Amino acid sequence: MTVLSYITEILIILTVILLKFLWGRNRKFEWANDIPGPKTLPVIGNALTLYCRDYEIFFQNLMQCCQNFPSPMKLSTGLKLYVIFSDPFQVEKIFTSNALLNKDDLYKYIEVFYGESLITGSGSKWKKDRRLLSPLFLIKNIKQYFPAMLKHSEILVDILQTHEDGLSFNVERFLHRAVTDIVNETIIGFKANCQRTNELDSFIHHITRAYNLVHQRMIKPWLQIEFLYKLSKNYRQQMEAKDVIYNFFRKSLEHAKEQHVHQGNGEAVRSMLDQMLDIRDEVPHFASDEEILHHLITLFSAGEDTITLITSFTLVMLGLHPECQNKVAQELHSVLGDDNLQEFHLSKLTYLEMVIKETMRLFPIAPLVLRQASQDTELESWKIPQGTTVSVNIFHIHRDKRHWLKPQEFYPEHFLPEAVSKRHPYAYLPFSAGSRGCLGKRYAYMAMEVILATILRRYSVKTEGSLNNLELSADLSVRLKGNNYSIKISKRVF
Ligand code: HEM
């Protein structure tokens, strides 16, 4: 064969690949021709709006676009089209569609840490894992973790004593460690005390770094090119973080395997890891050691960052709204008196629950969730081709004046039963919804109520500034700019 025929052959192959790509792109983009969205530039679409150096600007740009267009609206980054829904009726159809159960390709960057587990997985593996792990999150199982939640919350309030001087401090740093201890003890069965010791400092540092690296990869397209990424500093840091995190969980797994007695040996509390080993005894193909590690890392991260952020936000909100804080304090006083907090008290703390719900309305952990069509499907009049990304803008729905009396204010009365009954159930989605909704919702409520009740019985909280001046940022979760949840505390006097 001559050089010329080689070149011709290569050109033909490249042309076929290009045509296939353009056809696929057209098919994915065409169905959305009539959907409105901000002006696009040739080839790069809205990339200049979406790819920003700062997380704050990225988040502001995205939310601004969504405010200016009805639901759905579209954005593109050249190769990828995002159709973003924010109407509860449409969102209900998305969250209940069997064709829209898969996570978007972007989640594959989390797989470095989570493997193919509950949050990242799709198809039959995800279905099997979800079915087998769901019983672990039933309230009758979660109740056994109440004492550990209380113990670490009490350590936290003792540590906070050093801040009773009335000076501002970032409460997130303290909550992060308390929640790490709670999640480690209940999910992994690892009894550490990272609130009082520095034994987990390296682990905590690398977990935080891991979230950051994953998010950078999700929003910076040049980091998505595999061979370039492998040459980058981010890649080296990712591998270092992965080593530290995996070694930590591997040690817990080895220890649990050594101690494992099927269905327990009568001791009161069984960690979720113990119970995963029980499942494996009964369903041998449930998970290899590596897959159990993926479950542990997933549950740790899903629980730790979220509970830390929502409790931090709640304290900031109560510090800004003393009248709401007084109501919480009065409720705690009338339900508990001088008694120790017990599990059965929690269902009586109805105003505290409304306060937490309102905090999650204003600051939903996942501002957007992304799903990918596993087959061609229809949504109202749109024919959505397989492989298309469909997105739900939870942040926007939570601040839409059509569903909320005071959308931009902190108003726990949004969650009075009469107000809830008048609202579409898909107008409030802090835990997402449907069969891919959050598995840890009950665990999260219990942990958040225990932590907040314990803090608020002992301290009153003050926050400088106002709700309107809080600057938000979003990486994998919505947070305050600089992750700074500055409050002042003083001893509560009744
Ligand atoms: C305030 C606390 C929490 C909030 C606001 C929250 C929110 C969410 C949201 C919005 C999703 C859907 C994400 C998506 O579709 O991309 C989700 C999924 C999930 N969450 Fe949570 N979460 C919280 C706490 C927890 C805890 C404590 C655990 C476990 C210990 C947990 C475990 C999970 C799991 C396993 C999934 C994946 C479910 C699946 O796809 O089958 N979460 N969570």
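Note that this is a predicted model, so its numbers are computed, not measured.

Each value, and the rule that gives it
- Residues numbered from 1 in each chain as written.
- Predicted model: local features only at pLDDT ≥ 70, side-chain atom pairs only at ≥ 80, totals over all residues.
- Heavy atoms only, no water.
- Donors = N, O, S within 2.8 Å, 3.2 Å for Na, K, Ca; no water.
- Helix = DSSP H or I, 4+ residues; strand = E, 2+ residues; numbered from the N terminus.
- Pairing = 2+ DSSP bridges.
- Contact = heavy atoms within 4.5 Å.
- Axes fitted to C-alpha atoms, helices over the stretch in contact; angles between N-to-C directions.
- Phe/Tyr/Trp six-rings, centres within 6.5 Å; stacked < 30°, edge-to-face > 60°.
- Buried < 20%, exposed > 50% of the residue type's maximum accessible area, 1.4 Å probe, protein only.
- Lys NZ or Arg CZ within 6 Å of the ring centre and 35° of its normal.
- Near = heavy atom within 4 Å.
- Polar contact = N/O pair within 3.5 Å; in protein donor to acceptor, adjacent residues only side chain to side chain.
- Expected span 1.5 Å × (residues − 1).
- Core = buried A, V, L, I, M, F, W, Y, C linked by side-chain atoms within 4.5 Å.

Draft legend 1. Fine view of the coordination of the iron atom of the ligand. Coordination of the iron atom of the ligand by the protein comes from a single atom, Cys438 (SG), at 2.3 Å. Checked against the element boundaries, cysteine 438 lands in the loop between α18 (417-422) and α19 (441-458).

Draft legend 2. The sheet that holds strand β3 (residues 102-103), seen in detail. Taken in spatial order, the five strands make up an open sheet running β1-β2-β8-β5-β3, and their pairing is mixed. The outermost strands of the open sheet, each flanked by one partner alone, are β1 (73-76) and β3. Note: strand β5 (residues 368-372) against strand β8 (residues 389-393), five bridges, orientation antiparallel. For leucine 370, the partnering residue across the bridge sits in β8 and is serine 391. Against the sheet, helix α4 (residues 88-95) engages β2 (81-85), β5 and β8, with an angle of about 130° to β8.

Draft legend 3. Structural context of the packing of aromatic side chains. This model, assessed by the stated rule, comprises 17 aromatic pairs. Seen from their ring centres, phenylalanine 313 and phenylalanine 363 are 4.1 Å apart, and the 5° between their planes marks the pair as stacked. Here phenylalanine 313, found in helix α14 (residues 289-320), pairs with phenylalanine 363, found in the loop between α16 (350-362) and β5; they are 50 residues apart in sequence, far enough to count as distant. Each member of the pair, phenylalanine 313 as well as phenylalanine 363, is classed as buried. Relative to tyrosine 445, the ring of phenylalanine 431 lies with its centre 5.5 Å away and its plane at 55°, an arrangement referred to as tilted. Of this pair, phenylalanine 431 sits in the loop between α18 and α19 while tyrosine 445 sits in helix α19, placing them 14 residues apart in sequence. Through pairs of rings, three or more aromatic residues link up here, namely Phe190, Phe203, Phe248, Phe249 and Phe300. Cation over ring: arginine 361 sits above tryptophan 404, and NZ or CZ is 5.1 Å from the ring centre. Taking NZ or CZ as reference, arginine 423 lies 5.2 Å from the ring centre of phenylalanine 415, over its face.

Draft legend 4. Inspection of the site of the ligand at higher detail. Every one of the 29 residues lining the ligand counts as a neighbour, but Tyr107, Trp126, Arg130, Arg436 and Cys438 are closest to it. Within the side chain of tyrosine 107, a nitrogen or oxygen atom sits 2.6 Å from an oxygen atom of the ligand. The separation between an oxygen atom of the ligand and a polar main-chain atom of leucine 118 is 3.3 Å. At the level of secondary structure, the elements contributing two or more residues to the shell around the ligand comprise α6 (123-133), α14, β5 and α19. In terms of residue count, the dominant contributor to the shell around the ligand is α14 (six residues).

Draft legend 5. Representation of helix α12 (residues 233-259) within the structure. Taking 1.5 Å per residue, 27 residues should reach 39 Å; α12 reaches 40 Å between its end C-alpha atoms and fits that length. For α12, the set of buried residues is Asn234, Gln237, Gln238, Ala241, Ile245, Tyr246, Phe248, Phe249, Ser252, Leu253 and Ala256. For α12, the secondary structure elements touched by its buried residues are α5 (111-114), α9 (171-188), α10 (201-219), α11 (226-230), α13 (272-282) and α14.

Draft legend 6. Structural view of the nonpolar core. Formed by 155 residues in total, the largest nonpolar core has its most connected members in Phe249 and Tyr443. Take this core: its biggest share by element is 15 residues, from α14. Excluding anything up to four places from it in sequence, phenylalanine 249 contacts Ile188, Phe203, Leu293, Leu296, Ile297 and Phe300.

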